[in-house]
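In case you want the letters, here they are:
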Amino acid sequence: MDTIEEDTIWSYSLEPSFGEAVALGYDRLTTAPDTMSCYHALIRKAGQTGPTLGKLMAVFLPPVLVCKNNRLLKLFEHTVEIMLKKGTYTLAAPLEFLSIMLDGGDIKSALVYLRLLSEIFSQDFSYNQSLRLCYMLPKALGQFPPEKRTWQIRQLRRVVREDIRLAELFSDGMKNGLCLLSQKELSRFITMGLTKFRLNPDSGKKFLSLESKLGKDTCAEMQSTVFLSQIQQALNRYLRARIGIQIAVRSLALIKHEVTAPPPMVVSDGKFIYLPDEISIFSQKYENMEIYKCLTKLESAYYEFHTFDFDLEKALERAGILSEPFEIDSQNLSDMERFFGFFPIKKLACDLFTIFEHGRIRVLLYRNYPGIIRQILPLLQREAVRICQNTPLFHLYARIALDMRPPQTDIGKFIEEYAALFERKIGEDDSVETCAELVFETYHHAFVNLISEPSNSPNPPPPFPEREGGDVITAPLSFQGRGRGRGALIYIPLNIPFGRILRPDIPYQTFREFERIAETLKNRLKEKGIHVYKSDIKKLMIRNSGRLSADELKELIFRNAKDTENASEPDLSWLVLSDIQSEIAMDDLPVSGTVFWYREWDSNLNDYLHQHVRVSDRFVDGIESDFYPSALQRHQGLVRKIRYAFELLKPQGLVILRNWTEGDEFDYRALLDFVMDKKAKLMPSDRLYIKRIKQDRDVAVLLLVDMSRSTANAVPGNDASVMDIEKQALVLFCEALDVVGDAFCIAGFSGTGRLGLDYFRIKNFDEAMDNTVRNRISAMSPQRSTRMGGAIRHAVTQLRHHPAKVRLLLVLGDGFPNDADYKEQYAIDDTHKAICEARSENIHVKAITVNLDESPMLDELYGSVHHHVISDVRELPDKLLRIYRALTR
Amino acid sequence: MPAPIHPDIISHLIETEPYYLETGNEISLFKAAYHSRLPVMLKGPTGCGKTRFVEYMAYLLKVPLITVSCHEDLFASDLIGRFLLKNDETVWSDGPLTRAVRMGAICYLDEVVEARKDTTVVIHPLTDNRRTLVIEKKGEVLPAHPDFLLIVSYNPGYQSVLKDLKQSTRQRFVSIQFNYPDIEKESQIVAAEGNIDIELSVKLVNLAHKIRNIREQGLTEGASTRLLIYAAQLIQQNIPVTEACKTAICLPLTDDENLQETMNDLIADIF
Ligand SMILES: Nc1ncnc2c1ncn2[C@@H]1O[C@H](COP(=O)(O)OP(=O)(O)O)[C@@H](O)[C@H]1O
Ligand SMILES: [Mg+2]
């Protein structure tokens, strides 16, 4: 204790900030008191050189010391010594990065890093170079992902050992794509680069930094790892095409549910299919790509073939059971899990179910997509051989789900019997509930014959309980007690290729709210003597993103009833489907800018609420920045292309086409020739007509940008936000429209509540594209909510008085309208109404929605042929103009 | 008194029954419209059977049919007629619309939006209760033959807003909505027209449905029945299925490589 005090006072007397650092340092070391004496010695030593160095040591030593790693400490001291020869100034930034690594527990990388530093700083270079290195190194290494940086830094060491100047080029190369290479690949690439460098320094440098085409190509070719981000778009498009429902792929890292360790290669929650961030199983890129595709195709089959629409009631009916055999604590359980709960060994029931379900999917895929089976089955079979468990259950899986031959043993014979049963049942009815029926039929037999092999246990396994007069209900019940009582049996769960065990709980969580509503509804209807299945209501809700209309419900009931006897139209007038949403009063919201009032369509009332929405209209305050020019710079190639394309759109005035054999008017000169030829007894040409085509282009467009909060979301694989990209698209839009000469206007909108709608003007029709406008674009930033109807009505006010022949309102959004007391159907109806009002004034309204997967609701919002979806916002700059061009060609 | 038979009529009658499978109640709708001589607008995406339907109805009703495909360069005179020079003389030659009006035919203006706006105006007096055609060049006002009927087709897909049909034109027609037929019917059509077996045809239609799912990702239109029939015909000529689909369905739809890739994946899955 005394030393701590003494050290602190001593260091404080040298310089207060040193003193503070020492105090903090000791504080940090309270978790490792045995290192304090070492700390004491080292800061004393450093402090004697000067308080600056003392302070640096006081700050950066504790993270090293708490690791209690001797090698690390020695290397640290050694490195600092070397760096000090260049000057104390070299220490701060590099050591700070070291602390970050150590705080993250990454001692391995820290060691490599220290070696790198000592190697670099023992070389000769100028003060300027040294300064630059101190700044650049930590920054560059900070970009390396922690799980890869150990070997990435090692490669950097190889490079600087060759020539210190290559450090920066290596870091550029990493940014340009080397970061995508695996350990082996990167090492191979660096070897090639260094060889090149020795032969020809210049081309070697360009190669390493991926500036040369050769470098780029080599890197791309080497890279066998496939990243989800590279293939995500393609997978989503595929899903959209194949299943037509809203489901998209996503990184497994984003999953919120617990998954087994090691994590499965694929799992889904009804909205997303989760896949690993990268796959590098094979040495060929395309093979890894194939795995991504195969996993997606397999997982999506659950949705296409309704695995998770499993309905317990249907399943029990199929097994001839009329009510649940016993009440399990079914809170928070999906129907499928409740079903598994009927069996003493849930895990076994689940595994059996998985076996049959994967078999069912194989059969259905084979029927509908033989190509998928051709691609996938060999892959799955190979994987099955690799992970083979050699248990009877595993062989059963291999036979039924993967169509592999079982072993030629007694077990094999059983398995073939199961397979025959499976084939027959699925042939009769291929719905998911058939699998439940199969589990009912096979569970006991499987338990007796496939799980506990008689040879292993001295006592014969619990006998199969006799069914009492075919009473299926009690069979699993009476079994339960015995299974538990014995407790000797440890069930080893089934291992499945790519960890694809069924997880009904995950999609259940996603749609739990729907499930609850469906359940309530089903019960209410039951009280009235109307029967519907819960899963059918749920399916309907999922398809409509949670909405449930009385009409659809009626149709569902009607369809059900038709199968039975009373096929009359059900009366649902007593049913109230919607909850009334609470209103948030915000009457006293401050406003700036000019105020306008608009009506809003209330779909519940089926009437307008007049003077309901308050819009404040003002210009955005511009900010000086280089955003505009740098966006132009970034899209240089595209800008050139766009200029050209829009040049072509420009009207040329009157076009006269000559030499026609027919037309509206004679061509005077051709007529003269005709007469002359006649006179000269020559064969006259009959191409005497001209055609006139008048070209005019009188288009005015207002681009209305949704500036809601969600546009702050980051774009994957990019540090930009949705808004950033939208702004870049605006830049290109301005450039293009300037070329073609169409009158255009840009505005943004956002706000909170019906009294707080903001309308931001960016560019008016009569304003020229000058710096003021450019700065306003730079200043656009994500705001609050999206009350779209009011914004559109105000935009129409602005557009209404423009004299152009064709007036176009282009709405750029990133989702559905949403605001306080402005949700879902209400919001959609009002927005749609506003659009209809605009159309009635002869204003064309078209919409572009970014970063959203297609949804039938978009049709409802904008009308089916009036909107475009760009699910990847990164494509917006290009697509916006293509769409505009197509719209006005 | 029956109207005199125009000599041209015979050549415009459709003699053999065209194959047509009704997909909704369009036949009875059309018959009713024809009965009252109401001009008809057929709306729907390209290649879904509009033209075939008109041929079929002309056959059923035993009325001659004159079809004009509209395009940007179609002038009023291309419809009405013009003076031509023949041996130093100028002679009048009737355009297709005039001929139809005279002989009492069905005149079918295919893809009418493609025509220039001033061209579409000439049909106005024909489509209201005047039922006349004004031939300005000759100073003639030609009353329509009692059997005459005007049909236009119109594809409200992703068009240029500059080409939208004017309300004043639209509101002269009764409209019949066409769409791609449902899976079962479309498969029957493809099998019949492409002369392939129904199983293969179902697969082609399945493929089309999946492609129609991604229409809004950049395809201007989904894969039409017509393209499916083309594919079937290629397959009938022993072109391998995959290649036939690519050639007849994917490549015509778009140049976008990403979309091509997705479509190729689907083909590989289904066949
Ligand atoms: N309902 C139908 N019955 C028979 N053939 C059809 C039907 N619908 C489409 N077809 C086939 O599709 C092809 C394209 O149809 P078409 O009438 O040319 O389309 P559209 O005029 O709508 O562009 C026709 O040649 C025909 O073979
Ligand atoms: Mg046609």
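In this text, all values refer to a predicted model and were calculated from it rather than measured experimentally.

**Considerations on the site of ligand 1**
Residues and elements named next belong to chain B. Lining the immediate environment of ligand 1, one finds 17 residues, of which Leu21, Gly47, Thr51, Arg52 and Glu193 sit closest. For ligand 1, an oxygen atom lies 2.9 Å from a polar atom in the backbone of Lys50. One of the side-chain nitrogen or oxygen atoms of Thr51 is found 2.5 Å away from an oxygen atom of ligand 1. Of all the elements in the fold, those that place two or more residues in the shell around ligand 1 are α3 (50–61), α8 (183–194) and α10 (225–236). Among the residues making up the shell around ligand 1, the classes are represented as 7 nonpolar, 6 polar and 4 charged. Both domain 1 (10–177) and domain 2 (183–270) contribute no fewer than three residues apiece to the shell around ligand 1.

**Quick look at a nonpolar patch on the surface**
Side chains of A:Tyr89, A:Tyr127 and A:Leu131 sit close together on the surface and give an oily, nonpolar patch of about 290 Å² of accessible area. Along the polypeptide, A:Leu131 turns up in helix α8 (residues 127–142).

**Focus: the side chain of B:His12**
All names here are of chain B. Looking at where His12 falls in the secondary structure, it is placed in helix α1 (residues 9–12). For His12, a relative accessible area of 18% puts it in the buried group. Those residues in contact with His12 that sit more than four places away from it in its chain are Pro64, Leu65, Ile66, Arg99 and Met103.

**Focus: the pattern of salt bridges**
It is possible for side chains of opposite charge to pair when their charged atoms get near one another. Residue and element names in this part refer to chain A. If you walk through the whole model with that rule in mind, you get 58 salt bridges over all chains. Lys534 serves as the salt-bridge partner of Glu519, at 3.6 Å between the closest nitrogen and oxygen. Here Glu519, found in helix α25 (residues 512–527), pairs with Lys534, found in helix α26 (residues 534–543); they are 15 residues apart in sequence, far enough to count as distant. We classify Lys534 as buried; its relative accessible area is 6%. The partner of Glu837 in a salt bridge is Arg599, with the nearest N and O atoms 3.8 Å apart. With Glu837 in helix α34 (residues 824–840) and Arg599 in strand β6 (residues 594–602), this residue pair connects regions lying 238 residues apart in the sequence. Salt bridges linked by common partners bring Asp335, Arg338, Glu515, Glu519, Lys534 and Lys538 together as one network.

**Notes on the sheet that holds strand β1 (residues 40–43) of chain B**
All names here are of chain B. Ordered by their spatial adjacency, 5 strands build an open sheet running β2-β5-β8-β1-β9, and the pairing between neighbours is parallel. The two strands at the open ends of the sheet, each matched to only one other strand, are β2 (65–69) and β9 (174–177). Strand-to-strand twist of the sheet, defined as the mean angle between neighbouring strand axes without regard to direction, takes the value 20°. Sheet topology places β1 next to β9; 4 bridges connect them, and they run parallel. Looking across to β9, one finds that Leu42 is bridged to Ile176. In the packing of helix α2 (residues 26–35) onto the sheet, the strands contacted are β1, β5 (106–110), β8 (149–154) and β9, and the crossing angle to β9 comes to about 165°. Here helix α5 (residues 96–103) sits on the sheet in contact with β2, β5 and β8, set at roughly 160° to β2.

**What to know about the interface of chain A and chain B**
With 50 residues of chain A at the interface, the matching set in chain B holds 35 residues. Across the chain A to chain B interface the summed buried area is about 3600 Å²; carbon plus sulfur atoms make up 47%. There are 4 salt bridges connecting chain A and chain B. Residue A:Glu304 pairs with B:Lys210 through a salt bridge whose shortest N-O separation is 3.7 Å. The interface formed by chain A and chain B contains 12 residue pairs in polar contact (both at pLDDT 80 or more). Looking at the side of chain A that touches chain B element by element, the count peaks at 7 residues for helix α14 (residues 228–243) of chain A. Across the side of chain A that touches chain B, the residue classes tally to 20 nonpolar, 11 polar and 19 charged.

**Considering the confidence of the model for chain A**
Close reading of the predicted structure is inappropriate where its pLDDT is low. Residues and elements named next belong to chain A. On average, residues of chain A score 82 in pLDDT, and 88% of them reach the 70 mark or higher. Here helix α23 (residues 474–486) is the element of chain A with the lowest mean pLDDT, 36, and helix α18 (residues 346–368) is the one with the highest, 94. Every residue in residues 453–488 is under pLDDT 50, and counting partners more than four places away or in other chains gives 33 contacts. In the predicted structure, residues 578–591 sits below a pLDDT of 50 and forms 17 contacts with residues beyond four places in sequence or in another chain.

**Comments concerning the packing of helix α9 (residues 198–213) of chain B against helix α12 (residues 257–270) of chain B**
Residues and elements named next belong to chain B. For the pair α9 and α12, the least separation of the axes is 10 Å and the interaxial angle reads 150°. Relative to α12, the element α9 lies roughly antiparallel. Our pair here, α9 against α12, has a crossing hand that is right-handed. Between α9 and α12, the residues in contact are Lys203, Asn206, Leu207, Lys210 and Ile211 and Met263, Leu266, Ile267 and Ile270, respectively. Residues belonging to the contact of α9 with α12 are distributed by class as follows: 6 nonpolar, 1 polar and 2 charged.

**What to know about the packing of aromatic side chains**
What the rule picks out here adds up to 31 aromatic pairs over all chains. Ring centres 5.0 Å apart and planes at 85° place the aromatic pair A:Tyr26 and A:Tyr39 in the edge-to-face group. Note that A:Tyr26 is positioned in helix α2 (residues 16–29) and A:Tyr39 in helix α3 (residues 36–49), a separation of 13 residues in sequence. Here A:Tyr39 falls in the buried class, since its relative accessible area comes to 0%. Measuring from ring centre to ring centre gives 6.5 Å for A:Phe144 and A:Phe170, while their planes differ by 70°; the resulting arrangement is edge-to-face. Note that A:Phe144 is positioned in the loop between α8 and α9 (149–162) and A:Phe170 in helix α10 (residues 166–176), a separation of 26 residues in sequence. Judged on exposure class, the residue A:Phe144 and its partner A:Phe170 are both buried. Here a set of aromatic residues connected by ring pairs shows up, and it is made of A:Phe310, A:Phe339, A:Phe340, A:Phe342, A:Phe343, A:Phe353, A:Phe440, A:Tyr443 and A:Phe447. In this structure, A:Arg774 is placed above the aromatic ring of A:Tyr628, and the distance from its NZ or CZ to the ring centre is 4.9 Å. In this structure, B:Lys62 is placed above the aromatic ring of B:Tyr59, and the distance from its NZ or CZ to the ring centre is 5.5 Å.

**Some words on the nonpolar core**
Ranked by internal contacts, the top residues of the largest apolar core, which has 120 residues, are A:Phe339, A:Phe353, B:Leu204 and B:Ile249. Here this core takes 11 residues from α18(A), the largest share from any one element. For B:Ile249, the contacting residues outside a window of four places in its chain are B:Leu204, B:Leu207, B:Ile211, B:Ala223, B:Leu227, B:Leu228, B:Ala231 and B:Ala244. Core analysis: the next-biggest nonpolar cluster, separate from the first, contains 73 residues, A:Leu102, A:Phe121, A:Trp151 and A:Leu166 among them.

**Remarks on unusual backbone geometry**
Residues and elements named next belong to chain A. One non-glycine residue, Asp403, lies in positive phi territory at about 60°. Within the secondary structure, Asp403 is located in the loop between α20 (392–400) and α21 (410–428). Even without a glycine there, the phi angle at Phe498 is positive, about 60°. The topology assignment puts Phe498 in the loop between α23 and α24 (505–510). When its relative accessible area of 8% is taken as the criterion, Phe498 is described as buried.

What counts, and where the lines are drawn
Residues numbered from 1 in each chain as written. Chains lettered and ligands numbered in written order. Predicted model: local features only at pLDDT ≥ 70, side-chain atom pairs only at ≥ 80, totals over all residues. Heavy atoms only, no water. Near = heavy atom within 4 Å. Polar contact = N/O pair within 3.5 Å; in protein donor to acceptor, adjacent residues only side chain to side chain. Helix = DSSP H or I, 4+ residues; strand = E, 2+ residues; numbered from the N terminus. Nonpolar A, V, L, I, M, F, W, Y, C, P; charged D, E, K, R; others polar. Domains from an automatic or database assignment. Patch = residues over 30% accessible without salt bridge, like charges linked within 9 Å, V, L, I, M, F, W, Y side chains within 5 Å. Areas by Shrake-Rupley, 256 points an atom, 1.4 Å probe, with all protein chains shown as cover. Salt bridge = Lys/Arg side-chain N within 4 Å of Asp/Glu carboxyl O. Buried < 20%, exposed > 50% of the residue type's maximum accessible area, 1.4 Å probe, protein only. Contact = heavy atoms within 4.5 Å. Pairing = 2+ DSSP bridges. Axes fitted to C-alpha atoms, helices over the stretch in contact; angles between N-to-C directions. Buried area = accessible area lost by both parts, 1.4 Å probe. pLDDT = per-residue confidence, 0-100. Parallel < 35°, antiparallel > 145°, perpendicular 65-115°, else oblique. Left-handed = near helix turned anticlockwise from the far one by under 90°. Phe/Tyr/Trp six-rings, centres within 6.5 Å; stacked < 30°, edge-to-face > 60°. Lys NZ or Arg CZ within 6 Å of the ring centre and 35° of its normal. Core = buried A, V, L, I, M, F, W, Y, C linked by side-chain atoms within 4.5 Å.

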